[in-house]
Amino acid sequence: ICCDKTGTLTQNLMMATEIAVDGKIAQVSGIGYRPQGEIRLDGRALSLEAISRWSTLRRLLECAFICNNAKIEKSGADFRILGDPTEGALVCLAEKAGIRGVHQRLHLNPFESIRKRMSVIIKPQLQREPIIYVKGAPVETLAQCDRRHQQDEIRPLTELDRGRILRENDAMARRGLRVLAFAYRDGAELNGMPYTTTEIEQRLIFLGLVALSDPVRPEVPAAIHACHTAGIRVIMITGDYALTAESIARQ
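K.L.:
Mind showing me how you'd approach the side chain of Asp22 here?
P.N.:
Locating Asp22 in the fold gives a position in the loop between strand 1 (15–21) and strand 2 (24–28). Of the buried charged residues, Asp22 lacks a salt bridge, with Arg148 as the closest side chain of opposite charge at 5.6 Å. Those residues in contact with Asp22, other than ones at most four positions away along the chain, are Trp54, Thr56, His149, Gln150 and Gln151.

Right under this line is the structure:
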């Protein structure tokens, strides 16, 4: 039995709830896919100006918006997603922070289950050089990074940094949250190299993590109970990180 917890019946419930950036954890408020809510740090809402000044957070949100194929549209009194629900939640997150921007997409390397990443090359408006944005599973994406963005500086990514980031990821996953990592690279570094995943998805600059709440559909526990009562062995098949999958399974 395969139980899909992200189907259309509860589509509007998925949303980004936490951001781990520069060693800090910010909370995100809101309801479903409505592009309304706040990003809060230490209990205080960040203004759009404060988000703009926090360069690592701003670039992470730009990555979430640009390395993305989904769109939000008004549907009656509510909003709906055109595209993947996870990507829709990221678009919603970016719009809560006023992130939109104009750019030209030059190339797309779509998500694949083996790489567990997606990457795009874009040319921002009023900028000569392209930028590479990448999002994907935290462990696999972090492995492709050798630097990290902190405030206005680019610093080497040390083993201590990697350990901290993985602990942040695991803490979120243990609470049943789905976690994605975000990174980027200046396109000028390619220097004429081909736009392949091997060439562009390496030597990345790590930005941070976003955790998304993806609640179990209300009817799933009763269905699982009915299966157990009938003596049916239940197996959950998922592409989620193991700790996230374990938490969802317990729910």
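K.L.:
Could you clarify how one ought to interpret a nonpolar patch on the surface in this entry?
P.N.:
A surface patch of nonpolar side chains, about 220 Å² in accessible area, is lined by Val139, Leu166 and Tyr241. In this fold, Leu166 is placed in helix 5 (residues 159–173). Taking the relative accessible area as the measure of exposure, Leu166 reaches 32% and is therefore partly exposed.

K.L.:
Hey, could you run me through the pairing of strand 13 (residues 204–213) in this one?
P.N.:
Regular strands have side chains that alternate between both faces of the sheet. Across the 10 residues that make up strand 13, a large majority, 10, are buried. Note: strand 10 (residues 145–150) against strand 13, 3 bridges, orientation parallel. Bridged to Arg148 within strand 13 is Phe206. Where strand 12 (residues 178–186) and strand 13 come together, 7 bridges link them in antiparallel fashion. Looking at the pairing, Ala181 lines up with Leu209 of strand 13.

Here is what the cut-offs are and how they apply
- Residues numbered from 1 in each chain as written.
- Predicted model: local features only at pLDDT ≥ 70, side-chain atom pairs only at ≥ 80, totals over all residues.
- Heavy atoms only, no water.
- Helix = DSSP H or I, 4+ residues; strand = E, 2+ residues; numbered from the N terminus.
- Buried < 20%, exposed > 50% of the residue type's maximum accessible area, 1.4 Å probe, protein only.
- Lys, Arg positive; Asp, Glu negative; His and termini not counted.
- Salt bridge = Lys/Arg side-chain N within 4 Å of Asp/Glu carboxyl O.
- Contact = heavy atoms within 4.5 Å.
- Patch = residues over 30% accessible without salt bridge, like charges linked within 9 Å, V, L, I, M, F, W, Y side chains within 5 Å.
- Areas by Shrake-Rupley, 256 points an atom, 1.4 Å probe, with all protein chains shown as cover.
- Pairing = 2+ DSSP bridges.

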